[in-house]
Amino acid sequence: MHVDVDAVVLELYGLRPADFTAARDARAARARREKDTAAAAAIAALRKPTLAVWAANLLARTHPDRAEALLRLGTELRRAYQELDGAQLRALSHEQHRVIAALAAEAGHVAAGAGEQLRDSVVREVEGIFHGLLADEETARQWAAGCLRKAPTAAVGFEGLEPAPDAVPRPAAAPRRTAEVPAPPAAETARPAADKDTTAAGKDATAAARERAAQASAALQTAEEHLSEAAVARDRAEADAADLRGELAALKERVETAQRAAREAKRLHRQAEQARAKAERTAQQAARRLAEADRSGG
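What counts, and at which threshold
- Residues numbered from 1 in each chain as written.
- Predicted model: local features only at pLDDT ≥ 70, side-chain atom pairs only at ≥ 80, totals over all residues.
- Heavy atoms only, no water.
- Helix = DSSP H or I, 4+ residues; strand = E, 2+ residues; numbered from the N terminus.
- Buried < 20%, exposed > 50% of the residue type's maximum accessible area, 1.4 Å probe, protein only.
- Contact = heavy atoms within 4.5 Å.
- Areas by Shrake-Rupley, 256 points an atom, 1.4 Å probe, with all protein chains shown as cover.
- Salt bridge = Lys/Arg side-chain N within 4 Å of Asp/Glu carboxyl O.
- Patch = residues over 30% accessible without salt bridge, like charges linked within 9 Å, V, L, I, M, F, W, Y side chains within 5 Å.
- Lys, Arg positive; Asp, Glu negative; His and termini not counted.
- Charge placed at Lys NZ, Arg CZ, Asp CG, Glu CD.
- Expected span 1.5 Å × (residues − 1).
- Phe/Tyr/Trp six-rings, centres within 6.5 Å; stacked < 30°, edge-to-face > 60°.
- Polar contact = N/O pair within 3.5 Å; in protein donor to acceptor, adjacent residues only side chain to side chain.
- Axes fitted to C-alpha atoms, helices over the stretch in contact; angles between N-to-C directions.
- Parallel < 35°, antiparallel > 145°, perpendicular 65-115°, else oblique.
- Nonpolar A, V, L, I, M, F, W, Y, C, P; charged D, E, K, R; others polar.
- Core = buried A, V, L, I, M, F, W, Y, C linked by side-chain atoms within 4.5 Å.
- pLDDT = per-residue confidence, 0-100.

What about the overall build of the protein chain?
- Scanning the protein chain from terminus to terminus reveals ten helices and zero strands.
- Residues classed as buried in the protein chain amount to 27% of the 298 residues present.
- A separation of at least 24 residues holds for 75% of the contacts in the protein chain among residues at least 6 apart in sequence.
- Surface exposure of the protein chain reaches about 19,300 Å², of which carbon and sulfur atoms provide 55%.

With respect to the pattern of salt bridges
- Under the defined criterion, the tally for this structure stands at nine salt bridges.
- A salt bridge links R276 to E273; the shortest N-O distance between them is 2.8 Å. Of this pair, R276 and E273 both sit in helix α10 (residues 193-297), three residues apart, which is roughly one turn of the helix.
- With relative accessibility at 34%, the residue E273 sits in the partly exposed group.
- Across the pair E280 and R276 runs a salt bridge, and its minimum N-O distance is 2.7 Å. Taken as a pair, E280 and R276 lie in helix α10 at a separation of four residues, close to a single helical turn.
- Here E280 falls in the partly exposed class, since its relative accessible area comes to 39%.
- Through salt bridges with shared partners, a single network forms among E273, R276 and E280.

Section: a positive patch on the surface
- The grouping of R260, R263, K266 and R270 at the surface amounts to a positive patch.
- Its place among the elements puts K266 in helix α10.

Examining helix α7 (residues 120-135)
- Between its terminal C-alpha atoms α7 stretches 24 Å, which fits the 22 Å expected from 16 residues at 1.5 Å a residue.
- Those residues of α7 not exposed but buried are V122, V123, E125, V126, G128, I129, F130, H131, G132, L133 and L134.

Points about the environment of A18
- With respect to the element layout, A18 can be found in helix α2 (residues 17-33).
- With 31 residues separating them in the primary sequence, A18 and P49 have C-alpha atoms 9.5 Å apart.

A short note on the packing of aromatic side chains
- Using the criterion set out here, one finds two aromatic pairs in the structure.
- Ring plane angle 55° and centroid distance 5.1 Å describe the contact between Y13 and F20, whose orientation is recorded as tilted. Neither Y13 nor F20 differs from the other in exposure class; each is buried.

Overview of the environment of G146
- Counting through the fold element by element, G146 comes out in the loop between α8 (137-144) and α9 (186-189).
- Its relative accessible area of 0% is what places G146 among the buried residues.
- Contacts of G146, omitting those with residues within four sequence positions, involve Y13, N57, A60 and R61.

Details of the side chain of E116
- With respect to the secondary-structure elements, E116 resides in the loop between α6 (86-113) and α7.
- Given the relative accessible area of 18%, E116 is considered buried.
- A polar side-chain atom of E116 sits 2.9 Å from a polar atom in the side chain of R16.
- Aside from chain neighbours lying at most four places away, what touches E116 is R16, L51, W54 and A111.

Remarks on the packing of helix α5 (residues 64-82) against α8
- Where α5 contacts α8, the two axes come as close as 10 Å, and the packing angle between them is 170°. Classified by the interaxial angle, the pair formed by α5 and α8 is roughly antiparallel. From α5, A67, E68, L70, L71 and R78 reach across to α8, where they touch E137, A140, R141, W143 and A144.
- Of the residues belonging to the contact of α5 with α8, the class tally is six nonpolar, no polar and four charged.

Brief notes about unusual backbone geometry
- Despite not being glycine, K35 has its phi angle at roughly 65°, a positive value.
- On the secondary structure map, K35 appears in the loop between α2 and α3 (37-44).

A short note on the nonpolar core
- In terms of nonpolar packing, the biggest core is built from 34 residues, with L70, L73, V126, I129, F130, L133 and W143 touching the most fellow members.
- Breaking this core down by element, the ones donating at least two residues are α4 (51-62), α5, α6, α7 and α8.
- Ranked by size, the runner-up nonpolar core spans 14 residues in total, among them V9, L12, F20 and I43.

Comments concerning the confidence of the model for the protein chain
- In the predicted model, the protein chain carries a mean pLDDT of 77, and 66% of its residues have values of at least 70.
- By mean pLDDT, α9 is the weakest element of the protein chain at 44, and α4 is the strongest at 96.

Structure (structure tokens):
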């Protein structure tokens, strides 16, 4: 019988992390009983999600509209990056901080409603997950389906996403005037063309300087985001290492228990061998006595 692995994944990644391992092992065992070895192997290889990954999945499952909003934001950010639209990138960068903070807070609320109170460090890890999803469309789709298996790698800008070949940096939009500027007097309009050219050049230089300053500010903000994301990645790696150390300790304990059981089994086996040998000797002695009795009687 064919086992629907996708359905199992959907089921398992909706469970609390504490319930995941036992349920996964039970589903893998069922697949083996049904002779679907490929499905059994795929299910057995599924990794228990961290608390942050589970909370992110729970948010996507309970608030699909929030998930779609983050997907749209990621699409817009990637498009602005490919088109080298600095103004749009700056606007969306501000928007992503607002959206992600709100989503992480909402994830904390839904997790609490499901019986898990998230620590501040876990909420920050959830924020890091959402930041990573903005640059990774495929993983973001997996999350939107509520089946994110592990936190995405902390994104540095948009690695792997190159600007379009024909893209050129877009100039900053000119500020809107709040009122009509009166026409200059006739004497001013009659200035020599050289003065006009000098003034225009000065305005161009000012605009260019403002654009460079805006780009530098955006670069600084991006660097700060990368630093924050790197800190989240570090915390996540440390948490994974702690989990692995815990699993290693549990495995060592299981090995020691198995070794003690093996020693006890060997001891019982020796006792059984000794009892068997004694019984054989007793039987042989009884047989000899019986033979002697037969000869005496004859």
